[in-house]
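So the chains spell out like this:
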Amino acid sequence: MLAVLALVGGIAADVITDVWWYDSVGFRGVFVKEIAVKAGLFIGAGLLTGAAVAISLVAAYRTRPLYIPMTQAQQVLEQYRQAIEPLRRLAVWSIPIILGVLAGSGAMGAWRTLLLWMNREPFGIPDPQFGMDVGFFVFTLPWLRFVVSFITVVLVLAFVAGAFTHYVYGGLQLPGRGPTTRAAYVHLGILGALIALTRAASYWLDRYTLATQKGSLLTGITYTDDNAVLPTKAILAVAALMCAAFFLAAIWSRSWRLPLTGVALLVVTAVVAGGAYPALIQSLRVKPSEKSLEAPYLERNITATRTAFGLDRVKRIQNPAPEATEDKDVLRTAANDIPGVRIIDPNVVAPTFRQLEGQRDYYAFPDTLDVDRYTINDQTRDAVVAVREINLDGLPDNQRNWLNDHTVYTHGYGFYAAYGNQRTAEGDPVFFEGGGRTSLGEYEPRIYFGELSPTYSIVGAPEGDSPREFDYPAGGDGDVAVNNTYEGAGGVEVGSLVRRLAYAVKYREANFLLSDAVNSESRILDHRTPTERVERVAPWLRLDGNVYPAVVEGRIQWIVDGFTTSASYPNSRLIELADATSDAVTQRSSVVTVGAGQVNYVRNAVKATVDAHDGSVKLYGWDTKDPMLKAWSKAFPGSVRPLSEISGDLMSHIRYPQDLVKVQRELLNEYHVTNPGDFYSNSDKWRVPRDPAQTAQDQPVVFQSIAMPGEDEAAFSITTPFVPASNNEAGREILRGLLAVDADAGSEAGKPAEDYGSLRLLEYGSATPAGPGQVLNQIQNSPVRSQNAAEQLSLAQYITNNSGGGKTLTFGNLLTFPLEGRMFYVQPIYVQAAAGSGSFPQNKITVAVYGTTVAWGDTLEQAVSGLFGQGDGSETPTTPTDPGTGTPTPPDTGQPTGSAAAQLTAALAEMQAAYTAGQEALKSGDFTAYDQAQKRLDAALKKAAALAPQLNPDGAGATPSPSPSPTG
């Protein structure tokens, strides 16, 4: 009894606290509607199943024969009857109840299917095979299939229950063992006929389901489906109808011969007509001429896939042929015109933010930061942003207790933003917001709802009470911390005894009732991550795996992208979201997640916001033409706000979703080809290149400002490159395409920018530039000297020296830009101590690659100068400044500078490095590398020989030895 009370009490506490939570965010209607639909399905399915089984059991028992000829078989059954009789009444009630509960529980999962069917909307696009609106396949067909399947299960259960009862009580006899009663024929004949009718309906619906069936070649109807499977499904439906008639005929014929014959013929027809015949057509007719026969069906698949995933908006751009003779002045100007090349990688610098701005171990930044745009001094700048959240794991063990965890350390503090294209002289980000910097005006800095927030916190206190919540570390002597009392409207009031009791049961925590920290003004903040909050108020949405914070109208808002999806769009390719959205970032991040399930239709239907201070959730309809959004808006009226309510400030921070780009690039690997014959040949299949820093995973998508050929201005975009698909890791990695999606929604209230979401696909013809893998190879093996004259190592040596010996070298995001017909790559490189709690990555150098030319330096300006020269001073920037101090940096000519002695010292270092590299190449048998090392050694010897007379004009002095000795 106590266990039952505990179970009931737990369920009641969960339900009532959920009601209070939904009330607190203004979405009670969503919760009530979802619960009501689930309850309706549970009750309806449970009653139908239980009633069908109970009626079948009772009917079979009441129509049992009064006299049963006693045979040997009946003597055995009599023993069973005697054993069953004491439990018969219990079984008549318990079996239907158990089966009803199981059936009702299973039916609850169809609540989304039911609501979509009830609120269905037309797509306005006809299916090419059946001429029916796509909405039938998306909204109606899934519900019909559920209903038919469920009714079939119910009828089978009733049939089994009736047959068993008739057999045990002598109404149903096996052939040759006695007569079967008429009641049994009527009972089982009707049930058998109904089962056969549901099979006929299932076969007929299977015809439409073929349009969403995934095959080895395509998703949708193929030649074999059209010419073999579709006719056989119709034949099987007719055969099932005949089988139903045979079951009814058994009532008058008093024989099971016709029904058994009908079932046998149906099985044979299903095997021969439904399996063997299509297989023969596929093998003998299709395979020899598959390319031509499948062409119209491939065309359907290409058209449907491109429409369902928004690929029909792709604007194809052919890369212009580069000039035969490069004009470095033009190239330098074009490179300098790229706005804000982002050298700060949000996937790398999280430890840097933590070390520089964390202040205390109980503060944390997410392991992956975000990219946004802010207007600073009337100029829009790309920025790397994050919020500083509370981290309970950072507290010492002796400070971990219920009071500290849930009433003191309740929130984070501060929004931090750094310029994406600047670094200090040490290689750290240049912050313009957070830690006392105020470039964004006044806003509420406290983070009560975030990605790293504790499970729940108790906040609030009566007026006049001393604040108990830790706010931020104090700056004055003797003060440890500044405390705060929550004054927001977020969370649920827990001042009353009933509410405290409910939460004590929910969280299994007696302190809700015992602690004085829970008072009359207390509020509980739970379900605190932005993703969870949006999922709860919009359970019909799939969410982007990366949410990001923004300062909007004096508040920190989390922006969450929501998608409507379906796996029932006819003829569109079915893909696994987990595969499509996984990349190098998701594999190592705890806050960026991957999707789940199969989809063949997706729309970015909703933009959602979650207030970091009060947790309020707002859903804004974004893709207002989406039929699925219209259906869900009808199902949950008032839950989705109109697009017109998006403010200009919020609009300026909306960006194109990362997961949508990942899905689209996954499909563009094949669906950039629109000709069915070429698609079938698969001769131009692409793939996403591997990430240079994590070669087992795909390269992540990158936010950057970029201009495609023919575009006058760069646009804030999300980009991803493509290389040829290969069956092995040694495949040639040249660039085949570059996708840039305009991610800037503008700043006009209620109206996205006209170009937002436009997909520009830059394609390469015969002149194919190096892909990311080749560029990385060029960088790692480059003998080029730095544009910083004080750096004596070549790029390859620098990478080698900083990849061991107590250091860790990390390649940042490889940025790709089209530039005068070729590709301009920028690769920031980070170095950090390999061990030690205080180590963090710093952007020590930046590499630039154009064609086959590599240059590098401490800054991007130095690298660009190494590629294209300094110019005549007419370009911008003419004099780079140190982002950390604003002090002008002397122009870098790309050649070593300093006294003759310093230059000779540098030449000797080059000789030593070249000699060492040559010896290592000999040991490994790499004669190509050895030859390159000897060439570098020879060049260094000549340089030293030329410098020697400047140091000793009389010629007296040692000449550098041609074989320098190793120094260690």
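All values reported here derive from a predicted model rather than from experimental measurement. (Residues numbered from 1 in each chain as written. Predicted model: local features only at pLDDT ≥ 70, side-chain atom pairs only at ≥ 80, totals over all residues. Heavy atoms only, no water.)

Draft legend 1. Structural context of the packing of aromatic side chains. A complete count under the given rule lists 49 aromatic pairs for this structure. Centre to centre, the rings of Trp 402 and Phe 512 are 6.0 Å apart; their planes meet at 70°, and the pair counts as edge-to-face. Placement of the pair is Trp 402 in helix H14 (residues 402-408) and Phe 512 in helix H16 (residues 511-514), with a sequence separation of 110 residues. Neither residue differs from the other here; Trp 402 and Phe 512 are each classed as buried. With a centroid separation of 4.9 Å and 50° between ring planes, the pair formed by Tyr 413 and Tyr 472 is classed as tilted. Note that Tyr 413 is positioned in strand S6 (residues 412-413) and Tyr 472 in strand S11 (residues 469-473), a separation of 59 residues in sequence. Through a chain of ring-to-ring contacts, three or more aromatic side chains come together here, namely Trp 20, Trp 402, Tyr 456, Tyr 503, Tyr 507 and Phe 512. The ring of Tyr 363 has Arg 388 sitting right over it, with the charged end atom 3.9 Å from the ring centre. The ring of Trp 622 has Lys 607 sitting right over it, with the charged end atom 5.2 Å from the ring centre. (Phe/Tyr/Trp six-rings, centres within 6.5 Å; stacked < 30°, edge-to-face > 60°. Helix = DSSP H or I, 4+ residues; strand = E, 2+ residues; numbered from the N terminus. Buried < 20%, exposed > 50% of the residue type's maximum accessible area, 1.4 Å probe, protein only. Lys NZ or Arg CZ within 6 Å of the ring centre and 35° of its normal.)

Draft legend 2. Inspection of empty space enclosed by the protein at higher detail. Taken as a whole and judged by the stated rule, the model has 6 cavities of 30 Å³ or more. Counted as a void, the largest cavity has a volume near 170 Å³. For the largest cavity, the lining is made up of 20 residues, of which Pro 346, Asn 347, Asn 546, Gln 658 and Val 701 are closest to its centre. Looking at the lining of the largest cavity residue by residue, the classes come out as 9 nonpolar, 5 polar and 6 charged. (1 Å grid on protein atoms, 1.4 Å probe; cavity = no way out; pocket = protein on both sides within 12 Å on 5 of 7 lines; lining within 4 Å. Points joined across faces, edges and corners; volume = space filled by probe spheres on them. Nonpolar A, V, L, I, M, F, W, Y, C, P; charged D, E, K, R; others polar.)

Draft legend 3. Inspection of the side chain of Ser 786 at higher detail. Position of Ser 786 among the secondary structure elements: in the loop between helix H24 (772-780) and helix H25 (795-801). Polar side-chain contacts of Ser 786 include one of 2.9 Å to the backbone nitrogen of Asn 788. Excluding anything up to four places from it in sequence, Ser 786 contacts Glu 791, Leu 793, Trp 856 and Gly 857. (Polar contact = N/O pair within 3.5 Å; in protein donor to acceptor, adjacent residues only side chain to side chain. Contact = heavy atoms within 4.5 Å.)

Draft legend 4. Just the nonpolar core, in detail. Ranked by internal contacts, the top residues of the largest apolar core, which has 123 residues, are Phe 309, Tyr 374, Phe 415, Trp 540, Leu 619 and Tyr 656. The leading source of residues in this core is helix H6 (residues 134-168), at 8 residues. Phe 365, Leu 814, Tyr 830 and Tyr 850 belong to the second-largest nonpolar core, a separate cluster that totals 60 residues. (Core = buried A, V, L, I, M, F, W, Y, C linked by side-chain atoms within 4.5 Å.)

Draft legend 5. The arrangement of the sheet that holds strand S13 (residues 492-493) in detail. With respect to topology, 3 strands assemble into an open sheet ordered S10-S14-S13, the strand pairing being antiparallel. Either end of the sheet is taken by a strand with one partner, and the two such strands are strand S10 (456-459) and S13. With 4 bridges joining them, S10 and strand S14 (residues 523-526) adopt antiparallel strand pairing. For Ile 458, the partnering residue across the bridge sits in S14 and is Ile 524. (Pairing = 2+ DSSP bridges.)

Draft legend 6. How the structure looks around the sheet that holds strand S7 (residues 415-423). With respect to topology, 4 strands assemble into an open sheet ordered S3-S4-S7-S8, the strand pairing being antiparallel. Edge strands, defined here as strands with exactly one partner in the open sheet, are strand S3 (370-376) and strand S8 (429-433). Strand-to-strand twist across the sheet, computed as the mean angle between neighbouring axes with direction ignored, equals 45°. Sheet analysis places S3 next to strand S4 (residues 379-387), joined by 7 bridges and oriented antiparallel. Across the sheet, residue Tyr 374 finds its bridge partner in S4, namely Arg 381. (Axes fitted to C-alpha atoms, helices over the stretch in contact; angles between N-to-C directions.)

These values are about where atoms sit, not about what they do.
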